[in-house]
Amino acid sequence: MKIELQLTNDQLMAINNQLQKVYEMPVSTDQRENVYKSIAFDLADKFDKKCKNLIKKASLFSQKKKIKISLKFHEAWALQAVLMELIIYMDNEYQKTLIQKTINALDEKLC
């Protein structure tokens, strides 16, 4: 099962910034938390690669285009869980709103 997400440039950048914080999390002895981290590391790499490609190809006319990202069901589920966990540490209200919008879209598609 695949989940398709349509994200704006700003949403993609905000999600990427949040996912990079996964690398700063302490090591855990809880298996479930380690599974979350393992999937989150893969997602962080995937979103970082997408952001770098977007930056390389950026132009004034591509600002309104939406970026399509395909996630496997477990990746979408983990992305929602990680974003919900990390959103409380955000201080930028605009990015917080973009992340919440993504969480809501994921919740709608996962149900």
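Residues numbered from 1 in each chain as written. Predicted model: local features only at pLDDT ≥ 70, side-chain atom pairs only at ≥ 80, totals over all residues. Heavy atoms only, no water.

## Concerning a nonpolar patch on the surface
There is a patch of nonpolar side chains on the surface, built from Met 1, Phe 73 and Trp 77 and spanning about 350 Å² of accessible area. What makes Phe 73 partly exposed here is its relative accessible area of 31%. (Patch = residues over 30% accessible without salt bridge, like charges linked within 9 Å, V, L, I, M, F, W, Y side chains within 5 Å. Areas by Shrake-Rupley, 256 points an atom, 1.4 Å probe, with all protein chains shown as cover. Salt bridge = Lys/Arg side-chain N within 4 Å of Asp/Glu carboxyl O. Buried < 20%, exposed > 50% of the residue type's maximum accessible area, 1.4 Å probe, protein only.)

## Some points on the packing of aromatic side chains
Applying the stated rule across the entire model yields 2 aromatic pairs. Relative to Phe 41, the ring of Tyr 23 lies with its centre 5.1 Å away and its plane at 15°, an arrangement referred to as stacked. Here the residue Tyr 23 occupies a position in the loop between helix H1 (9-19) and helix H2 (31-56), and Phe 41 occupies one in helix H2, the gap between them amounting to 18 residues. Aromatic pair Tyr 36 and Trp 77: ring centres 5.4 Å apart, planes at 50°, arrangement tilted. Here the residue Tyr 36 occupies a position in helix H2, and Trp 77 occupies one in helix H3 (residues 73-86), the gap between them amounting to 41 residues. Here Tyr 36 falls in the partly exposed class, since its relative accessible area comes to 26%. (Phe/Tyr/Trp six-rings, centres within 6.5 Å; stacked < 30°, edge-to-face > 60°. Helix = DSSP H or I, 4+ residues; strand = E, 2+ residues; numbered from the N terminus.)

## Some words on the packing of H3 against helix H4 (residues 93-110)
One way to put it is that H3 packs onto H4 with a least axis distance of 10 Å and a crossing angle of 140°. Remark: the crossing between H3 and H4 carries left-handed chirality. Contact with H3, carried on its side by Phe 73, Ala 76, Trp 77, Leu 79, Gln 80, Leu 83 and Met 84, involves Ile 99, Thr 102, Ile 103, Leu 106, Asp 107 and Leu 110 of H4 and no other residues of that element. For the contact of H3 with H4, the residue count by class is 10 nonpolar, 2 polar and 1 charged. (Axes fitted to C-alpha atoms, helices over the stretch in contact; angles between N-to-C directions. Left-handed = near helix turned anticlockwise from the far one by under 90°. Contact = heavy atoms within 4.5 Å. Nonpolar A, V, L, I, M, F, W, Y, C, P; charged D, E, K, R; others polar.)

## Re the confidence of the model for the chain
A low pLDDT score tells you not to read the predicted coordinates there in detail. On average, residues of the chain score 88 in pLDDT, and 95% of them reach the 70 mark or higher. Confidence scores differ between elements of the chain, with H2 showing the lowest mean pLDDT of 89 and H4 the highest of 93. (pLDDT = per-residue confidence, 0-100.)

## Focus on the side chain of Thr 102
In this structure, Thr 102 sits in helix H4. With residues up to four places along the chain from it excluded, the contact list for Thr 102 reads Leu 7, Gln 11, Ile 15 and Leu 83.

## A word on H1
Counting buried positions along H1 gives 8 out of 11 residues, so the element sits mostly inside the fold. Of the residues making up H1, those classed as buried are Asn 9, Gln 11, Leu 12, Ala 14, Ile 15, Asn 16, Gln 18 and Leu 19. Those residues of H1 that are buried lie in contact with strand S1 (2-7), H2, strand S2 (67-72), H3 and H4.

## A look at the pattern of salt bridges
This model, assessed by the stated rule, comprises 3 salt bridges. Close ionic contact of Glu 4 with Lys 68 constitutes a salt bridge, the shortest N to O distance being 3.7 Å. Taken together, the residues span a long stretch of sequence, with Glu 4 in strand S1 and Lys 68 in strand S2 at a distance of 64 residues. Between Glu 75 and Lys 46 there is a salt bridge whose closest N-O contact spans 3.7 Å. Pair noted here: Glu 75 is in helix H3 and Lys 46 is in helix H2, with a separation of 29 residues, a long-range link.

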